[in-house]
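# Overview (structure and organization)
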Amino acid sequence: MNCINSTEKITPEAVAAELSACRAVKEDNLKRYKDDPPGFYIETFGCQQNEADSERLAGLCILMGYVPVDSIKDAKLVLFNTCAIREHAEKKALSIIGEMKHQKAADPELIIGIGGCMVSQDHRVEKIKRSNPYVSFTFDTGAIHRVPSLVLGARNREKRRFILSDNFGIAEGIPTYRKTPFKAWLSIMYGCNNFCSYCIVPYVRGRERSRTPEDILREARELIEGGARDITLLGQNVNSYGKDIGEMDIAALMREICKIDGDFRLRFMTSHPKDASDSLIAAMAEEEKIIPHFHLPVQSGSTRVLGAMNRRYTREKYLSIIEKLKAAVPDVSITSDIIVAFPGETEEEFSETLSLLEEVRYDMIFSFIYSPREGTPAAAMDCQIDRAVANDRYQRLLSLQDTITAERNARFEGRTLKVLCDDVSKTDSSMMTGRADTPRPIHFKGDSSMIGKFINVKITKSDLFSLMGEVVE
Ligand code: SAH
Ligand code: SF4
Ligand code: F3S
């Protein structure tokens, strides 16, 4: 497997060369398409890291003279940003990519590129090379900034290219295009060092590398000046921010961001329990701008399974962090990720996960049936769990959490929350949706003039998936 260890910086010269490739593509677009610029479409799978990477890809596409289009059929440049976390994620992407063969046959000028975690694995790249001849290029997660020269090469009908980086650095200075300026992802670090035994991420995203506080604070200031009201700091394990560069930790970084003038709030994802520090909990308790929501994936309630997962904490250690968190931030919302049917998980060990849910009382969980990933230690373990047993455990987990979620959501009834209005509801145009401190969406009557603004909403009703309320002064 392609396992990358370098944490070298990508040089400003390398980025400048790509920005110059952008200008070359733009000039050619102006010549070829005159007043009718060609469209680009990006299909994103997977987590927020991929969403953030796609915003940088979109920034590069715009610099190349492409314009965003709403339908893939109208695009002259299509990029897929893929995920490899579970088998289902890869299958879904491969099936949509397979469909592109018809569009390419109808439009030979169409350029199709595939990026992201799936094509950061040698075996997937080899397969695409052979089975998808209409794909112009692939680029792994370390090569986002190289897309302009790949597009230029494809337009000049050069050989197809398949990039597997040997240097996973940080490319600063890439433009970003965000559809909603009031809500922003802000990547503070990339990669992961943890090698949980089931997980593909360290193999496809390289080792942890932190951006400098200066680069992050500069971007945060720009975002806030540009109208950002809700900023999420992103990384696979933001709790270990700064360790690789000997810089301030996540708590100090967040406190610095909070000092920036402006009416905004701050979130962060994701946290690894082994690094969840007292200083981070204190920052959440003391800084008004930090949302009292902690996503702290536990994965399993059994200390034996946690050991086999290489998570490096016990059930007791995890519960002690939760206790500290609840004591310091009384109304905190806590969410988690859970894997059921990890190889060798017994019924008794699974019931420890259920009892942990009862004890912690999460606001919400993201739960997954274990999916073997080629090249990870867990995929080679004996005692893979039977599908029917896995499904049964999964259903029991969901049903218990539904009861807890309903109870947690109900605590907001009667309260007035400061909601950042996101959008018009997809099902009813007289309703708006937004988010407050709770991880659940909030629906209320309103109009599109509210989008991007903070609105006070009194919660009147709650269900499993959302809260409903009325606008108050
Ligand atoms: N860095 C984050 C999680 C990233 S992946 C963290 O450690 O918290 C998001 C979630 O996908 C994980 O928390 C885990 O619950 C799930 N996941 C990862 N690999 C998986 C696999 N092979 N099968 C099923 N779920 C998996
Ligand atoms: Fe995967 Fe573990 Fe890293 Fe999260 S911390 S990305 S689960 S290896
Ligand atoms: Fe998927 Fe890669 Fe994120 S594997 S979950 S897109 S880091």
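Residues numbered from 1 in each chain as written. Chains lettered and ligands numbered in written order. Predicted model: local features only at pLDDT ≥ 70, side-chain atom pairs only at ≥ 80, totals over all residues. Heavy atoms only, no water.

### Overview of the overall build of the protein chain
When helices and strands are tallied, the protein chain shows 13 helices and 19 strands. Taking 23 Å as the expected radius of gyration for a compact globule of 473 residues, we find that the protein chain reaches 23 Å, a close match to that expectation. If you line up the protein chain on its principal axes, its C-alpha atoms span 60 × 60 × 45 Å. Here the protein chain, with 473 residues, has 54% of them falling under the buried criterion. In the protein chain, 75% of the contacts between residues at least 6 apart in sequence involve partners at least 24 apart. Carbon and sulfur atoms make up 51% of the accessible area of the protein chain, which amounts to about 20,400 Å² in all. Within the protein chain, one finds 64 positive and 69 negative side-chain charges whose respective centroids are separated by 4 Å. (Helix = DSSP H or I, 4+ residues; strand = E, 2+ residues; numbered from the N terminus. Rg over C-alpha atoms; globule rule 2.2 N^0.38 Å. Buried < 20%, exposed > 50% of the residue type's maximum accessible area, 1.4 Å probe, protein only. Contact = heavy atoms within 4.5 Å. Areas by Shrake-Rupley, 256 points an atom, 1.4 Å probe, with all protein chains shown as cover. Lys, Arg positive; Asp, Glu negative; His and termini not counted. Charge placed at Lys NZ, Arg CZ, Asp CG, Glu CD.)

### Some words on the site of ligand 1
Taken together, 15 residues sit near ligand 1, with Q236, P297, Q299, D337 and S371 positioned nearest. In this structure, an oxygen atom belonging to ligand 1 sits 2.7 Å away from a side-chain N or O atom of D337. Coverage of ligand 1 by the protein amounts to 90% of the 540 Å² it exposes when considered alone. When contributions to the shell around ligand 1 are tallied by element, the ones reaching two or more residues are strand 13 (333-340) and strand 14 (364-369). Taken domain by domain, the makeup of the shell around ligand 1 includes at least three residues from each of domain 2 (180-291) and domain 3 (328-411). (Near = heavy atom within 4 Å. Polar contact = N/O pair within 3.5 Å; in protein donor to acceptor, adjacent residues only side chain to side chain. Domains from an automatic or database assignment.)

### As for empty space enclosed by the protein
What the rule picks out here adds up to 1 cavity of 30 Å³ or more. Of the voids in this model, the largest cavity is the one considered here, and its volume is about 150 Å³. R56, T141, G142, G169 and R209 are, among the 16 residues lining the largest cavity, the residues nearest its centre. The class makeup of the residues in the lining of the largest cavity is 7 nonpolar, 5 polar and 4 charged. Split by domain, the lining of the largest cavity shows at least three residues from each of two domains, domain 1 (3-163) and domain 2 (180-291). (1 Å grid on protein atoms, 1.4 Å probe; cavity = no way out; pocket = protein on both sides within 12 Å on 5 of 7 lines; lining within 4 Å. Points joined across faces, edges and corners; volume = space filled by probe spheres on them. Nonpolar A, V, L, I, M, F, W, Y, C, P; charged D, E, K, R; others polar.)

### With respect to the sheet that holds strand 12 (residues 293-295)
For sheets, the rule is that strands pair by backbone hydrogen bonds, running either parallel or antiparallel. Spatial ordering of the open sheet is given by 12-13-14, a layout of 3 strands whose pairing is parallel. Edge positions in the sheet fall to strand 12 and strand 14, since each of these pairs with one other strand and no more. Put simply, the sheet's adjacent strands are angled 15° from each other on average, direction ignored. As defined by bridge partners, strand 12 adjoins strand 13 across 3 bridges and the pair is classed as parallel. Paired with H293 across the two strands is S333, which belongs to strand 13. Lying over the sheet, helix 13 (residues 387-410) contacts strand 13 and strand 14, oriented at roughly 175° with respect to strand 14. (Pairing = 2+ DSSP bridges. Axes fitted to C-alpha atoms, helices over the stretch in contact; angles between N-to-C directions.)

### Brief notes about the site of ligand 3
Ligand 3 sits among G46, C47, N50, C83, A84, I85, C117, R205 and Q236. Considered class by class, the residues forming the shell around ligand 3 number 5 nonpolar, 3 polar and 1 charged.

### Quick look at the nonpolar core
One finds L233 and I257 to be the most contacted residues of the largest nonpolar core, which totals 69 residues. When residues are assigned to domains, this core turns out to be shared by domain 2 (180-291) and domain 3 (328-411), each giving three or more. Once residues within four sequence positions are removed from consideration, I257 is found in contact with I216, L217, A220, L233, F264 and L266. In terms of nonpolar packing, the next biggest core, distinct from the first, is built from 26 residues, L60, Y66, L77 and I111 among them. (Core = buried A, V, L, I, M, F, W, Y, C linked by side-chain atoms within 4.5 Å.)

### Re unusual backbone geometry
In this structure, T270 follows M269 across a cis peptide bond, with omega equal to -5°. In this fold, T270 is placed in the loop between strand 11 (265-269) and helix 9 (278-286). One non-glycine residue, F195, adopts positive backbone phi at about 45°. Counting through the fold element by element, F195 comes out in the loop between strand 8 (189-190) and helix 6 (201-205).

### So, the packing of aromatic side chains
Counted according to the given criterion, the structure contains 6 aromatic pairs. A ring pair is formed by Y198 and F342, whose centres lie 6.4 Å apart and whose planes are at 85°; its orientation type is edge-to-face. Of this pair, Y198 sits in the loop between strand 8 and helix 6 while F342 sits in the loop between strand 13 and helix 12 (347-360), placing them 144 residues apart in sequence. Grouping residues by exposure puts Y198 and F342 together as buried. Ring pairing ties together the aromatic residues Y198, F342 and Y370, which thus form one cluster. (Phe/Tyr/Trp six-rings, centres within 6.5 Å; stacked < 30°, edge-to-face > 60°.)

### Section: the confidence of the model for the protein chain
In this model, the protein chain carries a mean pLDDT of 95, and residues with pLDDT of at least 70 account for 98%. Note on residues 2-6: pLDDT under 50 across the span, and 17 contacts to partners over four residues away in sequence or across chains. (pLDDT = per-residue confidence, 0-100.)

### Describing the domain arrangement of the protein chain
Under the domain assignment, the protein chain is made up of domain 1 (3-163), domain 2 (180-291), domain 3 (328-411) and domain 4 (416-471). Taking only C-alpha atoms into account, the centre of domain 3 sits 29 Å from that of domain 4. Together, S333, M364 and N409 form the three largest contributors to the area buried by domain 3 at its contact with domain 4, with a combined 63%. For the pair domain 3 and domain 4, the number of links is 0 salt bridges. Remark: the boundary between domain 3 and domain 4 carries 2 residue pairs in polar contact (both at pLDDT 80 or more). For the side of domain 3 that touches domain 4, the secondary structure elements donating two or more residues are strand 13 and helix 13. (Buried area = accessible area lost by both parts, 1.4 Å probe. Salt bridge = Lys/Arg side-chain N within 4 Å of Asp/Glu carboxyl O.)

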